[in-house]
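# Residue-level structure breakdown
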Amino acid sequence: MNIENYQPLISIIMPVYGVERYLEKAILSVVQQKYTNWELLIINDGSKDKSREIALKYSSRYNNIYLYDKENGGLSDARNYGLKLAKGEYIHFFDSDDWIDPSTYESLISKIQDETIDILIFGYYIDSEDSNGKLVNQIRKQSIDLIYPFIERNLFVEKLEDFLNFAWNKLYRTDFIKSNSLSFQKGLSVIEDIEFQSRVFPLVKKIQFVSDVTYHYMNRNRQTLSKKYNSDLLFLYEKRLHLYRDMMLCLGVDENIINRRLNELSFIDFSYCVLLIFFSYPDLFDKQRNKELRKVLDNSFYKHQIKYYHAKGIKDFIKKKLFETHFVFGITILFFIISRKITI
């Protein structure tokens, strides 16, 4: 292969930081693709474990796998680094602890309708593993075959919402990304993908949704529950919801539908933050936990959203009433019971 003249169709950008346990499976899933016209750009973001050693093994073995080293700057910075190096007509942002089925790129490339498609969006699995790496649960997220723009914009909430927020379930046309000077905002965590998408969607002229389900997103939320509650988390979730609203409005979704969905998402995020507080302060009579609880209960944005949330079931109804009345003792008893039923 003439490296200088090599023109891949797909540039796969894979940021790497501290993923020695998962990286080999991610790389092998690319190597084992039936479709071969790709380049894999592994961006080592200052890893301190054996991730670089694993990446080097494959970049030394394959002419279309490249390893680049940079100082640690976070996921967004590593993706931007890869964007500058990409030579392919399409870009795929691949998280280094996930993996893809062998037919992924062959199938996706065959589905691209024409060269005017700015983004191809595909389905995915949410895989949950135990501490031994055994698959314990799998959720299949399948889109419908559709071309945007289409008349029924409310489909974005009713059928397509699960496919919009992420960077890793999309092929982006490289010229679209670079001609619009699009890049990821540095310094963000949790919301970097949706922040990027909120600037992408107002610029797109044509999006293709396909029913392929081939990307495996590894869900490790159980591990995050064991971490200390971060007081910035609720703020980040609030910002994510504002971004979601802006994105849906620009896609032409009815505002009433957006508001109802915001109520639901706010309730989910708020409940999760309260649960995290209980994992951070497990003692039933912890004063610091009550202090953190009162802080989140006083959040004006979530007060408004929860007020208009229509509870789904008796448990949600009870939680809503406890949140609205700031009944800290009642919240303490309920979430103390809930937290004891969740295995971390």
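The following refers to the structure shown.

So, how was this worked out
- Residues numbered from 1 in each chain as written.
- Predicted model: local features only at pLDDT ≥ 70, side-chain atom pairs only at ≥ 80, totals over all residues.
- Heavy atoms only, no water.
- Helix = DSSP H or I, 4+ residues; strand = E, 2+ residues; numbered from the N terminus.
- Phe/Tyr/Trp six-rings, centres within 6.5 Å; stacked < 30°, edge-to-face > 60°.
- Lys NZ or Arg CZ within 6 Å of the ring centre and 35° of its normal.
- Buried < 20%, exposed > 50% of the residue type's maximum accessible area, 1.4 Å probe, protein only.
- Pairing = 2+ DSSP bridges.
- Salt bridge = Lys/Arg side-chain N within 4 Å of Asp/Glu carboxyl O.

## Description of unusual backbone geometry
With an omega dihedral of 10°, the bond running from Tyr148 to Pro149 counts as a cis peptide bond. Turning to its location among the elements, Pro149 is positioned in the loop between strand 8 (146-148) and helix 5 (155-158). Positive phi values are uncommon outside glycine, yet His326 reaches one of about 55°. Within the fold, His326 resides in the loop between helix 13 (314-325) and helix 14 (328-341).

## Some remarks on the packing of aromatic side chains
Evaluated as defined, the whole model comprises 27 aromatic pairs. A ring pair is formed by Phe94 and Tyr215, whose centres lie 5.5 Å apart and whose planes are at 55°; its orientation type is tilted. Pair noted here: Phe94 is in the loop between strand 4 (90-93) and strand 5 (99-100) and Tyr215 is in strand 10 (residues 207-219), with a separation of 121 residues, a long-range link. Grouped by ring-pair contacts, the aromatic residues Phe267, Phe270, Phe278, Phe301, Tyr302, Tyr309, Phe323 and Phe335 constitute a single cluster. Looking at Arg61, its charged tip hangs above the ring of Tyr58, at a distance of 5.3 Å from the centre. One residue, Arg79, lies across the ring of Phe184, its end atom 4.7 Å from the ring centre.

## Quick look at the pairing of strand 4
On strand 4, burial covers both faces: Tyr90 and His92 on one face and Ile91 and Phe93 on the other are all buried. Sheet topology note: the strand 1 (residues 10-16)/strand 4 ladder contains 4 bridges and is parallel. If you follow Ser11 over to strand 4, its bridge partner there is Ile91. In the sheet, strand 4 pairs with strand 9 (residues 170-173) via 2 bridges, with the strands oriented antiparallel. Bridge assignment links Tyr90 to a residue of strand 9, and that residue is Arg173.

## Thoughts on the pattern of salt bridges
Taken as a whole, this structure holds 20 salt bridges when the rule is applied. Residues Arg245 and Glu255 are paired through a salt bridge, measuring 2.5 Å at the closest nitrogen-oxygen approach. Here the residue Arg245 occupies a position in helix 9 (residues 233-250), and Glu255 occupies one in helix 10 (residues 255-280), the gap between them amounting to 10 residues. We classify Glu255 as partly exposed; its relative accessible area is 39%. Ionic pairing is found between Lys295 and Glu292, a salt bridge with its closest N-O pair at 4.0 Å. Within this pair, Lys295 and its partner Glu292 are both found in helix 11 (residues 287-297), separated by 3 residues, close to a single helical turn. You can call Lys295 partly exposed: its relative accessible area is 48%. By relative accessible area, which is 8% here, Glu292 ends up buried. Each of Asp45, Lys70, Asp77 and Lys186 takes part in salt bridges that share partners, so that together they form one network.

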